[in-house]
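Read off the chains here:
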Amino acid sequence: MTALIIFLILALLLITGMPVSIALGLTVFTFLFGFSDVPMDSIALKLFTGIEKFEIMAIPFFILAGNFLTHGGVARRMIRFASSMVGHWYGGLGLASVFSCALFAAISGSSPATVMAVGSILLPAMVKQGYPSQFGVGTITSSGGLGILIPPSIVMVMYAVATSGMVVKGPDGADVLSASIGDLFIAGVVPGLVLASMLAVTTIWRAWKGNYPRQNRAPLSDRWTAFRESVWGLMLIVIIMGGIYGGIFTPTEAAAVSAVYAFVVAVWVYKDIKLRDVPKVLLNSAAMSAMLLYIITNAVMFAFILTSEQIPQALSEWIVSLGLGKVGFLLVVNALLLMIGMVMEPSAIVLIMAPILYPVAMALGVDPVHFGIMLVVNMEIGLCTPPVGLNLYVASSLSRLGLTEVTRSTWPWLLTMLLFLALVTYVPAVTLVLPQMLGM
Amino acid sequence: MLRLLDRLEEVLIAMLIAVATVLIFLSVTHRFAIGFAADLVGYARAHDMTSLNDTARSIFKAINALKMTWAQEACIYLFVWMAKFGAAYGVRTGIHVGVDILAERLEGAARRTITTIAMSGGVLFTAIITWIGTDFVWHVRLGGQTSPDLEMPMWIIYLAVPLGSALMCFRFLQALHLFLTTGQIAHHDHGAVDGLDEEAEDLAKGGHA
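Here the structure is a predicted model, which means the values were calculated and not measured.

*Asks:* Even after reading the chapter, I still don't get the overall build of chain A, so can you show me in this structure?
*Replies:* Per the secondary structure count, chain A includes 20 helices and two strands. With the C-alpha coordinates aligned to their principal axes, the bounding extent of chain A is approximately 70 × 45 × 45 Å. Buried residues in chain A amount to 63% of all 440 residues. Across chain A, contacts joining residues at least 24 apart in sequence account for 79% of those joining residues at least 6 apart. Summed over its atoms, the accessible surface of chain A is roughly 15,700 Å², and 68% of this surface lies on carbon and sulfur atoms. For chain A, the distance from the average position of its 20 positive side-chain charges to the average position of its 18 negative side-chain charges is 21 Å.

So, in structure tokens, the structure goes:
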């Protein structure tokens, strides 16, 4: 009953279009004043201490690092490298765009920006070479989403933040340790590669069926030049992953070091950004981070209310008593998240839904890392589904195709992603094999 | 006057993120330098190089005397300030995302009403936070609590909450006023990427796609 009231208030506030963070905060206050006797002071404390964790500070650093390298010049280098490597296969530039998106998204971390950067360079080139623009739009819209699955990923940090410190019990009654940022990043590698390959296969199949043009095989010297140019950007991922896995840095330190590295590469190696443009990059990154940190603060308050009303526990007991089992529960979670993903932004969804679903999943014996990666894949699909898929909007404005047309062009890749979601959901090994091999 | 406030807000949050980044970078470098100097001392001792041993030892002592343990704490507080003021800046530029499918589909008076409600929600929430925050800061000040590493009075750090929220409240009022008088809503473009024009020109000149 209490749960119903809380979510009704939240839904009513959200539907007005107010910022998600504000809606969360107002829900907390409305509930406190109207329906509960939780003392105000404990809420006030959350307001101040909600984001006082060093792990959360990875978010602004990752955003800053990404923003330094979210530039047309970096996108061009990635595209050049990808098309020199795979452009001569079936799918030609389409296949190249899948890999360019994967590379660029991993560095930039923003899906819509990836669609914008790669799309605005590759789409015109593809049309000029005689590909139908629907084909290009489909590949780029879908592979632009790879960024939140391939580490470093802000959404993974959000999941780690939302679930860390939650005391939950597994099916055997033992406490379950929540997933760390490092675990999630390492676990994201294999699914990221698998999804990129699956999208590539779909692209090759569509291109083979439509008999689309292919590039000439690039000579080795071209490949080497393209690799040398793009390697500076790609080193960013190596620094982060190597640093975290090698135990040299904490994720937050890795993020800060990568931000400094990205600054050096963007200003002095690539020379894409002039020193006088740096304040603008700083300002944009600060504003973006502040927006996310603001959602976190209010989501922490919201989660606190839920917990103090024992809602996750009640929900968990109820679902376990339904006897859905692991299989049924994960199916319901996927359906629910895909639905919410159609209207809301990934970080906000993870912050609101993770604290509710996590205890249930743990009670049913799902691995915390596996569950996190599954949430992220759902969010990725949400970026490409109407009515509010950011990637669709960007692709639509780039290609001048309507939203419906863009959605229709994306469906073969969207189906591929759903297939991949099923794989990740029901074959935990895809996610867990690498962390286990590395002994994490 | 207002332009000055805008500018101040921008400079403040850009500075905060820059300082925090440099700080954490330095503390990581510092940790590496200690390790390196210690290795050098060990190497010199193992190979009986007295002068190198002495130099390395003094370097090690110098670096080790510099304590960077406060860097993490400082970074958190810098970001707390950045988050609160950045959120206010975000209202001005329309970066805060919401679920706008209904508002986008409505027209005329209905749209006007629902957007007014949405923005008033922002005004109301930030006003409540300003009030609670001021009260909280006042109590912390009376309690005389200080931070563990920097030993800074906590009330100064927590001051970010009432100040930032007050500014944010003002920004929501501004946005509401702008909407009611001109019908405009600030909107942040999440797909914005710099340097694409230059790339398009390159392509037109026959550059490699």
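Let's pick the thread back up.
*Asks:* Is there a simple way to think about the overall build of chain B in this case?
*Replies:* Each helix and strand counted, chain B has eight helices and zero strands in total. Traced from its N-terminal end to its C-terminal end, chain B shows the element sequence α-α-α-α-α-α-α-α. A compact globule built from 209 residues should have a C-alpha radius of gyration of about 17 Å, whereas chain B, at 26 Å, is more than 25% larger. The C-alpha extent of chain B, read off along each of the three principal axes, is 85 × 70 × 35 Å. In chain B, buried positions account for 43% of the 209 residues. Across chain B, contacts joining residues at least 24 apart in sequence account for 76% of those joining residues at least 6 apart. With an accessible surface of roughly 11,400 Å², chain B has 65% of that area assigned to carbon and sulfur atoms.

*Asks:* How should I be thinking about helix 2 (residues 50-65) of chain B in this particular structure?
*Replies:* Side chains three or four residues apart in an α-helix point the same way, a direct result of the helix having 3.6 residues per turn. Residue and element names in this part refer to chain B. With 16 residues, helix 2 should reach 22 Å at 1.5 Å per residue; the first-to-last C-alpha distance of 22 Å fits that figure. Taken together, the buried positions of helix 2 are N53, A56 and I63. Buried positions in helix 2, seen along its axis, are confined to an arc of 100 degrees and lie on one side of it. Facing away from the buried side of helix 2, by more than 90 degrees, are the exposed residues T50, S51, K61 and A65. Residues of helix 2 that are buried in the fold lie against helix 1 (2-46).

*Asks:* What's the story with the interface of chain A and chain B in this structure? I'm lost.
*Replies:* You'll often see interface size given as the accessible area lost when the parts meet. Facing the 72 residues of chain A at the interface are 65 residues of chain B. Here chain A packs against chain B, burying approximately 6,100 Å² in sum over the two surfaces, 78% of which is carbon and sulfur. Between the two partners, chain A and chain B, sit two salt bridges. The salt bridge partner of E253 of chain A is R31 of chain B, with a shortest N-O separation of 2.9 Å. Put simply, chain A and chain B have five residue pairs in polar contact (both at pLDDT 80 or more) between them. Broken down by secondary-structure element, the contributors of at least two residues to the side of chain A that touches chain B are helix 1 (2-15), helix 2 (20-35), helix 3 (40-49), helix 4 (58-69), helix 5 (72-86), helix 7 (111-128), helix 12 (251-269) and helix 13 (278-308) of chain A. For the side of chain A that touches chain B, the element with the most residues is helix 13 of chain A, which contributes 16 residues. Of the residues in the side of chain A that touches chain B, the class split is 48 nonpolar, 16 polar and eight charged.

*Asks:* Got a minute to help me understand helix 8 (residues 133-143) of chain A in this structure?
*Replies:* All names here are of chain A. Among the eleven residues of helix 8, nine are classified as buried, and the element is accordingly described as predominantly covered. Listing the buried residues of helix 8 in full gives F135, G136, V137, G138, T139, I140, T141, S142 and S143. Check the buried side of helix 8 and you find it contacts helix 6 (92-108), helix 7, helix 10 (181-210), helix 18 (390-399) and helix 19 (403-426).

*Asks:* How do you make sense of the pattern of salt bridges when you look at a structure like this?
*Replies:* Where charged atoms from two side chains of opposite charge come close, those side chains can pair. According to the stated counting rule, one finds 13 salt bridges over all chains in the structure shown. As a salt-bridge pair, K280 of chain A and D194 of chain B come within 3.2 Å of each other at their nearest N and O atoms. With K280 of chain A in helix 13 and D194 of chain B in the loop between helix 7 (160-182) and helix 8 (196-204), the pair connects residues from two separate chains. The exposure class of K280 of chain A is partly exposed, given its relative accessible area of 47%. Across the salt bridge formed by E10 of chain B and R7 of chain B, the nearest N and O atoms sit 3.4 Å from each other. With a gap of three residues between them, E10 of chain B and R7 of chain B both fall in helix 1, about one helical turn apart. One connected set of salt bridges, linked through shared partners, spans D6, R7, E9, E10, R92 and R171 of chain B.

*Asks:* Where do I start with unusual backbone geometry in this structure?
*Replies:* Across the chain, the bulk of peptide bonds are trans and the bulk of non-glycine residues have phi less than zero. Of the consecutive residues P151 of chain A and P152 of chain A, the connecting peptide bond is found in the cis state with omega at 0 degrees. Structurally, the position occupied by P152 of chain A is in the loop between helix 8 and helix 9 (154-163). A cis amide bond links P386 of chain A with the next residue in sequence, P387 of chain A, at an omega value of 0 degrees. Position of P387 of chain A among the secondary structure elements: in the loop between helix 17 (368-382) and helix 18. Phi at E151 of chain B is positive, roughly 55 degrees, even though this residue is not glycine. What makes E151 of chain B exposed here is its relative accessible area of 58%.

*Asks:* How should I be thinking about the packing of helix 8 of chain A against helix 19 of chain A in this particular structure?
*Replies:* Two measures define how a pair of helices packs: the angle their axes make with one another and the distance between the axes. All names here are of chain A. At their nearest, the axes of helix 8 and helix 19 sit 8 Å apart, and the two run at 50 degrees to each other. By the angle between their axes, helix 8 is oblique relative to helix 19. As helix 8 runs across helix 19, the sense of the crossing is right-handed. Contacts from Q134, F135, V137, G138, T139, T141 and S142 in helix 8 reach E405, V406, S409, T410, W413 and M417 in helix 19. Classifying every residue of the contact of helix 8 with helix 19 by side-chain character gives five nonpolar, seven polar and one charged.

What counts, and at which threshold
- Residues numbered from 1 in each chain as written.
- Chains lettered and ligands numbered in written order.
- Predicted model: local features only at pLDDT ≥ 70, side-chain atom pairs only at ≥ 80, totals over all residues.
- Heavy atoms only, no water.
- Helix = DSSP H or I, 4+ residues; strand = E, 2+ residues; numbered from the N terminus.
- Buried < 20%, exposed > 50% of the residue type's maximum accessible area, 1.4 Å probe, protein only.
- Contact = heavy atoms within 4.5 Å.
- Areas by Shrake-Rupley, 256 points an atom, 1.4 Å probe, with all protein chains shown as cover.
- Lys, Arg positive; Asp, Glu negative; His and termini not counted.
- Charge placed at Lys NZ, Arg CZ, Asp CG, Glu CD.
- Rg over C-alpha atoms; globule rule 2.2 N^0.38 Å.
- Expected span 1.5 Å × (residues − 1).
- Arc of directions from axis to C-beta.
- Buried area = accessible area lost by both parts, 1.4 Å probe.
- Salt bridge = Lys/Arg side-chain N within 4 Å of Asp/Glu carboxyl O.
- Polar contact = N/O pair within 3.5 Å; in protein donor to acceptor, adjacent residues only side chain to side chain.
- Nonpolar A, V, L, I, M, F, W, Y, C, P; charged D, E, K, R; others polar.
- Axes fitted to C-alpha atoms, helices over the stretch in contact; angles between N-to-C directions.
- Parallel < 35°, antiparallel > 145°, perpendicular 65-115°, else oblique.
- Left-handed = near helix turned anticlockwise from the far one by under 90°.

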